[in-house]
Structures are given as structure tokens and as C-alpha cells.
Amino acid sequence: MRVLLSGYYGKGNGGDEALLATLLQMLPPSVTPVVLSGNPKETSDRYNVEARDRMKISPVVEALRSCDAFIWGGGSLIQDTTSLISPFYYAGIMAVAQKMGLKTIAWGQGIGPLKRPITRWLARLTFSGCTKVSVRDRTSAAILADWQVPCILAPDPVWALESKPVPGLWDLPAPRVAVTLRTHPDLTETRLANLTRALADFQKATQTFILLLPFQESEDLEIARAIQPKLEGVSQVLSLKEPQLLKGVFRGVEMAIGMRLHSLIMAASEGCRCFALSYDPKVNRLMEDLDMPGWDLAKFPDDPNIISKTWIEHYANGEPLSTDRIQSLVDRALMHREVLKEVLE
């Protein structure tokens, strides 16, 4: 069976690449995946799969015609906050796949926010036509319940991604703290300055090695490079492309401070203490589900001393998830694999 995978792939986003890597890991062995990508060559080389340009109509249509099933491959694809075009793109391809008679799976979805009536209507229509649906949070499950669309609710699939050890990581000074920031309107110049000052004070107090991890270079690398010179202690900007290695970084890290949802999921799953800086409802949902400490960026403290003292306290006394809790989350995340087996085997 040939299956076409559609997501925000090949765009340099570590979280979306982790979802793709997890999806490929979970597909039944009998399946031949074909991936729609923003960078088909890179995707093909990294994952050893067929890949097509996601923005070219002819290759997309040809891929649909050559496949037996279609998968929305995880994450917040159906939302209209960052772009109105995005839900129309993904829903449009799903609608065509359904019209062509392909088996269709909405896999590991985080639905919304959907602020416009037309995008809510479009989402309801396409989700209703899916052969099978799995979601990663209770809010998404509640939306589908309201639409009378049956679904499987399980933790984000990336909980179950198999990590790899990072060469040279253990040669770096210890203890280590990972920091993952991204550009966002709520991360104003003033807030970034306060955060940087707090991070410098935190490092001085804890004598930690700071790893600045850009999950999407186009949005994260500039911030990481701006912060590093202001840290008087040892630090490094570490750019990794392979999702399994990104997750593997957190094997050797004591604590993670992150904005990126999947940086926090990866860190928590590898037994790190986590502190969230939320810019999006999906991060707030994770904080609620795991009782993870953190702040909403829009309500970020103005005093760097308060920020640094809070981080120092969490570093000294915070607890990572228990081994049993992590294993439970991983086991439940594997429910997304069962959805694939039910439809594709």
C-alpha cells in the first residue's frame, strides 16, 4: 500500500520533523510512504522516502493518484491563527483525497484555534469525511465530540519517538540546561532583554552549561545568537536537523526552558525538569496536563530577579516526571500507531 503523508514537512521546523519521523516509525512495514515536503530532496535524503513538492499542483495530484491512502501527519495543521491559507491548503488536499476514494486519516491532530466560521465549517466537513481520526489533546477531542466526529485521544505522538545519542554531548561541561526560544509578538524586545538578564543570573548562580537549541533556524537561530554573547559562563548554540538527535539532546540535560511545544515534550519524555514559556494554547494544554511550571508570555514578569529566582528554585527543587508517568505517556502515545494499523493493514 502506498500512503501520502501531508504536514508542515521540509520547512525546517524541528517539531514537525519530529512528527514526521514518529509517523514513519509507526507506519506498518507493508506501507510505502510518499511525503509532501517543502524540501523534497532533503526529506528524501533524511528519511529514505519518496517525496514530492507540497506546493506544486501536478506532483501533488500525481501522488494522490498513485496512493491508496492519505494522512494528515500530525500537529496544529487545522488552525487559522498563523494563516488563513493553511487550513484551506490542508483541508483542500484532504477533500480531494476523500473525493478520489482514498482511505483518509487525520493523525495526531491538535485542532484550532479556529476563529472564523468558514474555517470551522471546512474543518468539520473534512474531519467528518475521514476514515479514522486521532487527536493529541482534550480540547481537540471536545471539538470533534461537538461535531459528532468519533476520534481516538492520546498524548502527542512525539512522546513515542525513539531518540538517538548526540555525538560529543557528554564531552560538554555539566550540568547542562537547554533553552529553546522562538520569535513571537509577545516576546517583545523588553521581555527578551529581561529573559536574557535572568538567564545570565541563573547561569551564574547554578554554574550550568547553557545549550541554546534552535528548533526552527529561521525563527530561533537569531535569538540564540543574540543571547549567547551575553552569557558570561560557558554556552553553545547547537543546531541539529535530525529529530531523533534533537530529542537525544535532552538525555544529557538537567533542565529545559522552552517555548517550543515539542522541545518540552522531548525534554519531559527524557526525564528533564521543564519550565514552559507559553505563546500558544497548545503549550498551555501541555502545562495543564503535566502540571508543568511556567508563564504565559503575555503575563511574563517584568523583573529579571523574579524570573531567575524562579528558575533557580525549579532547578534546585523541581522534579521531572516519574519513570512510570513517562512510560504511561509513551504507551498511550502508541495508540496513534494502532489507528494506522487499523486502517492500513
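This one's a predicted model, so the numbers in the text were calculated from it and none came from an experiment. (Residues numbered from 1 in each chain as written. Predicted model: local features only at pLDDT ≥ 70, side-chain atom pairs only at ≥ 80, totals over all residues. Heavy atoms only, no water.)

Draft legend 1. Representation of the pattern of salt bridges in the model. Evaluation of the coordinates by the stated rule reveals 19 salt bridges. Salt-bridge contacts for Asp-201 lead to Arg-197; the nearest nitrogen and oxygen are separated by 3.3 Å. Taken together, the residues Asp-201 and Arg-197, both in helix 7 (residues 189-206) and four residues apart, mark about one turn of the helix. Since its relative accessible area comes to 22%, Asp-201 is described here as partly exposed. Relative accessible area serves as the criterion here: at 48%, Arg-197 is assigned to the partly exposed category. Taking the shortest distance from any N to any O, the salt bridge between Glu-338 and Lys-341 comes out at 4.0 Å. Of this pair, Glu-338 and Lys-341 both sit in helix 14 (residues 335-344), three residues apart, which is roughly one turn of the helix. Taken together, the shared-partner salt bridges in this structure form one network comprising Arg-182, Glu-219, Asp-220 and Arg-260. (Salt bridge = Lys/Arg side-chain N within 4 Å of Asp/Glu carboxyl O. Helix = DSSP H or I, 4+ residues; strand = E, 2+ residues; numbered from the N terminus. Buried < 20%, exposed > 50% of the residue type's maximum accessible area, 1.4 Å probe, protein only.)

Draft legend 2. Region of interest: the sheet that holds strand 13 (residues 294-296). If you walk across this open sheet you meet the six strands as 10-9-8-11-12-13, and the pairing is parallel. Strands with a single pairing partner mark the edges of an open sheet, and in this sheet they are strand 10 (235-237) and strand 13. Taking each pair of neighbouring strands and ignoring which way they run, the sheet shows an average axis angle of 15°. The sheet contact formed by strand 12 (residues 273-278) and strand 13 spans three bridges and is parallel. (Pairing = 2+ DSSP bridges. Axes fitted to C-alpha atoms, helices over the stretch in contact; angles between N-to-C directions.)

Draft legend 3. Here's a closer look at the side chain of Arg-285. Mapped onto the elements of the fold, Arg-285 is located in helix 11 (residues 281-290). The class of Arg-285 is buried, set by a relative accessible area of 14%. Within the local environment of Arg-285, its side chain forms a polar contact with the side chain of Asp-137, the two groups lying 3.2 Å apart. Apart from the residues within four sequence positions on either side, Arg-285 is in contact with Ile-111, Asp-137, Thr-139 and Ser-140. (Polar contact = N/O pair within 3.5 Å; in protein donor to acceptor, adjacent residues only side chain to side chain. Contact = heavy atoms within 4.5 Å.)

Draft legend 4. How the structure looks around unusual backbone geometry. Across the junction of Gly-112 and Pro-113, the peptide omega takes the value 0°, indicating a cis bond. Between Ala-174 and the following residue, Pro-175, the backbone shows a cis peptide bond with an omega angle of 0°. Positionally, Pro-175 belongs in the loop between strand 7 (152-153) and strand 8 (176-180). Even without being a glycine, Asn-48 presents a positive backbone phi close to 60°. Along the chain, the position of Asn-48 falls in the loop between helix 2 (40-47) and strand 3 (50-53).

Draft legend 5. Geometry of the nonpolar core. Ranked by size, the top nonpolar core spans 90 residues in total, and within it Leu-5, Ile-71, Leu-277, Trp-311 and Leu-344 carry the most contacts. Here this core takes seven residues from helix 1 (residues 14-26), the largest share from any one element. Ala-63, Ile-111, Leu-114 and Val-133 belong to the second-largest nonpolar core, a separate cluster that totals 31 residues. (Core = buried A, V, L, I, M, F, W, Y, C linked by side-chain atoms within 4.5 Å.)

Draft legend 6. Spotlight on the packing of aromatic side chains. Summed over all chains, the structure comprises eight aromatic pairs. With a centroid separation of 5.1 Å and an interplanar angle of 65°, the aromatic rings of Trp-72 and Phe-127 are classed as edge-to-face. Pair noted here: Trp-72 is in strand 4 (residues 69-75) and Phe-127 is in helix 5 (residues 117-128), with a separation of 55 residues, a long-range link. Consider the rings of Phe-202 and Trp-311, whose centres lie 6.3 Å apart with planes at 85°: the pair is edge-to-face. With a gap of 109 residues between them, Phe-202 in helix 7 and Trp-311 in helix 12 (residues 304-317) connect regions that are remote in the sequence. (Phe/Tyr/Trp six-rings, centres within 6.5 Å; stacked < 30°, edge-to-face > 60°.)

Draft legend 7. How the structure looks around the pairing of strand 2 (residues 32-37). Extensive coverage of strand 2 is indicated by the burial of five of its six residues. Judged from the four bridges that link them, strand 2 and strand 3 form a sheet pairing that is parallel. Note that in strand 3 the partner of Ser-37 across the bridge is Asp-53. Of the crossover connections in this fold, the one passing from strand 2 over helix 2 to the parallel strand 3 is right-handed. (Right-handed = clockwise from strand over helix to strand, strands pointing away.)

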